[in-house]
Amino acid sequence: MSKIDELLVDVARLVESGQSNQMSLTVVTGGAVITGRLAPEAVWRQRVSEVLADSDRLAEFSAVFASAAAKDGPPTHLHFHLARILQGTVGIPETGGMYRVSIADISAWTIGDVSYSDH
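The present account deals with the structure reproduced in this document. Bear in mind that the values here come from a model prediction, so they are computed numbers and not experimental data.

**Structural notes on the environment of Met98**
No. 1: Tracing the chain through its elements places Met98 in strand 4 (residues 90-102).
No. 2: Residues Met98 and Ile85, spaced 13 residues apart in sequence, show a C-alpha to C-alpha distance of 11 Å.
No. 3: Discounting chain neighbours no more than four positions away, the residues touching Met98 are Trp44, Arg47, Val48, Phe80 and His81.

**Focus: the nonpolar core**
No. 1: The biggest cluster of nonpolar side chains holds 16 residues, and the ones touching the most others in it are Leu25, Val27, Ile34, Leu38, Leu78 and Phe80.
No. 2: Secondary-structure elements contributing two or more residues to this core are helix 1 (6-18), strand 1 (24-29), strand 2 (32-38), strand 3 (77-87) and strand 4.
No. 3: A total of five residues in this core trace back to one element, the largest contributor, which is helix 1.
No. 4: If sequence neighbours within four positions are ignored, Val27 has contacts with Ala32, Val33, Ile34, Leu78, Phe80, Ile106, Ala108 and Trp109.

**Section: the pattern of salt bridges**
No. 1: One pass over the structure, following the stated rule, counts five salt bridges.
No. 2: Among the salt bridges present, the one from Arg13 reaches Asp10, with a minimum N-O distance of 2.8 Å. Residue Arg13 and its partner Asp10 are both found in helix 1; the two are separated by three residues, about one turn of the helix.
No. 3: Relative accessible area serves as the criterion here: at 36%, Asp10 is assigned to the partly exposed category.
No. 4: Linked through salt bridges whose partners overlap, the residues forming this network are Glu41, Arg45 and Arg100.

Reading the values: the criteria
- Residues numbered from 1 in each chain as written.
- Predicted model: local features only at pLDDT ≥ 70, side-chain atom pairs only at ≥ 80, totals over all residues.
- Heavy atoms only, no water.
- Helix = DSSP H or I, 4+ residues; strand = E, 2+ residues; numbered from the N terminus.
- Contact = heavy atoms within 4.5 Å.
- Core = buried A, V, L, I, M, F, W, Y, C linked by side-chain atoms within 4.5 Å.
- Buried < 20%, exposed > 50% of the residue type's maximum accessible area, 1.4 Å probe, protein only.
- Salt bridge = Lys/Arg side-chain N within 4 Å of Asp/Glu carboxyl O.

Printed below as a string of structure tokens:
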């Protein structure tokens, strides 16, 4: 098991404490490159809950995301919104998605939202 990057934990802690969703980050995890903006876990959970509640088939899962237990200790996950998995010259999904990534599984990262252009 690799050592968790304390600098990345500090970034996650600031996002959580400030309730901000303006920090853009790009990470490599499990060979995938994910790029987007970080959100506090509570904000991320609420948005996922809202999306599920609006679904005829998935509404019953909404409550799982609506309730967040208070946690002691440093953040263990990053919560991305407006995020894309980069694949070749495209980002999937184009409009951005909601991703939860374990900090322990991140092998590389950089500040900023990476995008490609053919021009």
